[in-house]
Amino acid sequence: MIDNSSSTQENQSKLGFNDLTIETLRDRAATMKDCLARSQTITDSMTSILGSFDLRLSALETAMRPTQIKTHSMRQAHENIDKTLKFADAVLIQFDLVKQAEAEIMRGPHEDLESYLEAVNQLKQIVRFFSTNKNLKSSIGVITHSTTLLQKASLMLEEEFRQLLTSCSKPVEPDRLLDCLPASLRPSTAGEGGKKNPSDHNKSAENVVYRPPTLVSPKVVPLLHDLALQMTQTGQQQQVFIIYREARSACMEGSLKKLGVEKLGKDDVQKMQWEALEAKIGNWIHFVRIAVKLLFAAERKVPDQVFEGMDSFMDQCFAEATASAVSLLLSFGEAIAKSKRSPEKLFVLLDMYEIMKEVQPEFNTLYASISAAELRESVSALTKRLAETAQETFVDFEEAVDKDATKTAVQDGTVHPLTSYVINYVKFLFDYQSTLKQLFLEFKEIDPDAQLAKITTRIMQALQNNLDGKSKHYKDQALTQIFMMNNIHYIVRSVRRSEAKDMLGDDWVQIHRRVVQQHANQYKRISWSKILQCFTIQGAPSDGISTTGMSRATVKEKFKTFNTQFEELHQRQSQWTVPDSELRESLRLAVAEVLLPAYRAFRKRFGPLIEGGKNPTKYIRFTPEDLERMLAEFFEGKVAPEQKRLI
């Protein structure tokens, strides 16, 4: 035991503890326990105190609640009073605004449109204000008064729109439109419409630039726009449309009439002399170009600007405003297309068709809307009708050539007027070949070159058939051959010098050149075979026999017969005409090559029988040189003192 106790003490001593330290710790622990006890007592006391406070505060809150409610009510009442005062001020302001707007409305829009439109908008706001506050006693009265003012304003705006639009819708002067044409298409004098070379015309139409005039002043456009917008916003769309259509329609139609466009019907056209009608057609072609490329193009911009932002109005107003002008413009073309056909009308029909095809794409662009469908169709229908009439005129012309029964006498066998007319006609056709090819494609898919060649060949054949019939009226068969030779030669020469050669082909040319030669050979046979018989005896050529067995009387008779026949041929055939110098010389040479050698040989062999006798010049009247000189007078178209009727 003693050993354990001493061991513990040693351990405590080693840890730093001793009796004094332990005692101190015990005292401190006791103190802490006492403090904790007192703290619990204080906590309990504070809990009791706070609990009593809670009861007191609850009682205080209950006591203060009526005061709080009263204070809140007073605050809300003040706020309501403020709102009422502010609303009263707003109402009073609205009354003042009504008076101001009324004064502006009564002054009218003419002097200050911007202020007038502001007054209208102000009235609309006032109506909306009182419409949302109908519990006010004055609401109905103010609304009624303001609505009345708005109605009056609408009428004044309508009248202002009409007057302003009418003032800037005067017909456009012709000089102003003509000045807008490119220089290459500008007529030298107003109203001149002469026919142009088609190839030049097409070339210029492709390269020129048109600059449409400005029809409404840029200063006026914004005013018209504001008026139109205000009217549409108040439900006056129909009035806007009617006013615009009437004013601009009168402007468009009046502009065309000033330019010279007339409304003519089929009967009017039928009564006109061809020269006057041709001039009117030339003018009409210019008018169409001016109307579509300048006048209508310029008018297209007006509704686009006036009705900007009102897309539904733009296209309809443009279509309606120009409808009567388009109808006026097309009426003349329709009258021509429906009038009686005649060959001379073909080329003006082609001119008219050509200008319609030229302007149609631009017209369709200007009138691309659904509302303009009828106008596009009217232009398309006229173009088609002109093409149909031109094609029918082709057929008429071919038949007219084939059946031509003119009594024009061509006594000298020269080129018949019908031949020159038809050839010139065909030449003109080839001036229009690009237009013709386009026209052929209007109806069906065909080879336009082949169609043009086919038509040309048929016309040429009809001409030859007719000439053949006319040639049979000549009593002198030699003159028949001269007539056919002249006319076929004229046809061949003209074809070779024109574009028709490419269509008809070299084979056609060569065949008809041989026909010319055949007629020349026939002429020689008919005219000269009989006279050459004077230089033969018993069928033998003069240079194949001797003078033996040939009596002087027979020789005299031979010379006498030759003289008579040659003089007769000279007298008659010197009145005939071969207008082509080369053909004339070649024909004389062909005769001389047969006649002169035979005459020289006959005179050389049989002349001595006469020359040694009495009055030899009575029988041998011509030297070979005389014959050559007289042959040079053949086919000169000389007029005899008393010309015999030969046909």
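A brief report on the enclosed structure follows.

Rules and cut-offs
- Residues numbered from 1 in each chain as written.
- Predicted model: local features only at pLDDT ≥ 70, side-chain atom pairs only at ≥ 80, totals over all residues.
- Heavy atoms only, no water.
- 1 Å grid on protein atoms, 1.4 Å probe; cavity = no way out; pocket = protein on both sides within 12 Å on 5 of 7 lines; lining within 4 Å.
- Points joined across faces, edges and corners; volume = space filled by probe spheres on them.
- Nonpolar A, V, L, I, M, F, W, Y, C, P; charged D, E, K, R; others polar.
- Phe/Tyr/Trp six-rings, centres within 6.5 Å; stacked < 30°, edge-to-face > 60°.
- Helix = DSSP H or I, 4+ residues; strand = E, 2+ residues; numbered from the N terminus.
- Buried < 20%, exposed > 50% of the residue type's maximum accessible area, 1.4 Å probe, protein only.
- Patch = residues over 30% accessible without salt bridge, like charges linked within 9 Å, V, L, I, M, F, W, Y side chains within 5 Å.
- Areas by Shrake-Rupley, 256 points an atom, 1.4 Å probe, with all protein chains shown as cover.
- Salt bridge = Lys/Arg side-chain N within 4 Å of Asp/Glu carboxyl O.
- Axes fitted to C-alpha atoms, helices over the stretch in contact; angles between N-to-C directions.
- Parallel < 35°, antiparallel > 145°, perpendicular 65-115°, else oblique.
- Left-handed = near helix turned anticlockwise from the far one by under 90°.
- Contact = heavy atoms within 4.5 Å.
- Core = buried A, V, L, I, M, F, W, Y, C linked by side-chain atoms within 4.5 Å.
- Lys, Arg positive; Asp, Glu negative; His and termini not counted.
- Charge placed at Lys NZ, Arg CZ, Asp CG, Glu CD.

A few points about empty space enclosed by the protein
Then comes step 1: With the rule as written, the count across this model stands at two cavities of 30 Å³ or more.
Then comes step 2: Empty space within the largest cavity amounts to approximately 60 Å³.
Then comes step 3: Lining the largest cavity are Val-288, Val-292, Phe-296, Val-326, Leu-329, Leu-330, Met-356, Val-359, Phe-363 and Val-379.
Then comes step 4: Counted by class, the lining of the largest cavity contains 10 nonpolar, no polar and no charged residues.
Then comes step 5: In this structure, the second largest cavity occupies an estimated 30 Å³ of space.

Details of the packing of aromatic side chains
Then comes step 1: The tally for this structure, following the rule as stated, stands at 28 aromatic pairs.
Then comes step 2: Judged by centre distance (5.1 Å) and plane angle (45 degrees), the ring pair of Phe-535 and Phe-562 falls under tilted. Within this pair, whereas Phe-535 is found in the loop between helix 19 (506–532) and strand 1 (536–537), its partner Phe-562 is found in helix 20 (residues 552–573), the two being separated by 27 residues in sequence. Each of the two residues, Phe-535 as well as Phe-562, counts as buried.
Then comes step 3: What links up through ring pairs into an aromatic cluster is the set Tyr-523, Trp-528, Phe-535, Phe-559, Phe-562, Phe-566, Tyr-599, Phe-602, Phe-606, Phe-622, Phe-634 and Phe-635.

What to know about a nonpolar patch on the surface
Then comes step 1: Taken together, the side chains of Ile-42, Met-46 and Ile-49 present a nonpolar region at the surface, about 280 Å² in accessible area.
Then comes step 2: Its location among the elements puts Ile-42 in helix 2 (residues 19–107).
Then comes step 3: Take Ile-42: its relative accessible area is 54%, and that puts it in the exposed class.

Considering the packing of helix 20 against helix 22 (residues 624–631)
Then comes step 1: Two elements in contact, helix 20 and helix 22, have axes whose closest approach is 11 Å; the angle formed by their N-to-C orientations is 25 degrees. As judged from the angle between their axes, helix 20 and helix 22 are roughly parallel. As helix 20 packs across helix 22, the resulting crossing turns out to be left-handed. Where helix 20 approaches helix 22, its residues Phe-562, Phe-566 and His-570 are matched on the opposing element by Leu-627, Met-630 and Leu-631.
Then comes step 2: Grouping the amino acids of the contact of helix 20 with helix 22 by side-chain chemistry returns five nonpolar, one polar and no charged.

Details of the nonpolar core
Then comes step 1: Core analysis: the largest hydrophobic core is formed by 159 residues, its most contacted members being Trp-284, Phe-296, Phe-307, Tyr-523, Trp-528, Phe-562 and Phe-566.
Then comes step 2: Among residues more than four places away in sequence, those in contact with Phe-307 are His-225, Ala-228, Val-240, Tyr-244, Phe-313, Met-314 and Cys-317.

Quick notes on a positive patch on the surface
Then comes step 1: On the surface, a cluster of positive charge is contributed by Lys-427, Arg-496, Arg-497 and Arg-513.
Then comes step 2: Mapped onto the secondary structure, Arg-496 falls in helix 17 (residues 477–496).
Then comes step 3: A relative accessible area of 45% means that Arg-496 is categorised as partly exposed.

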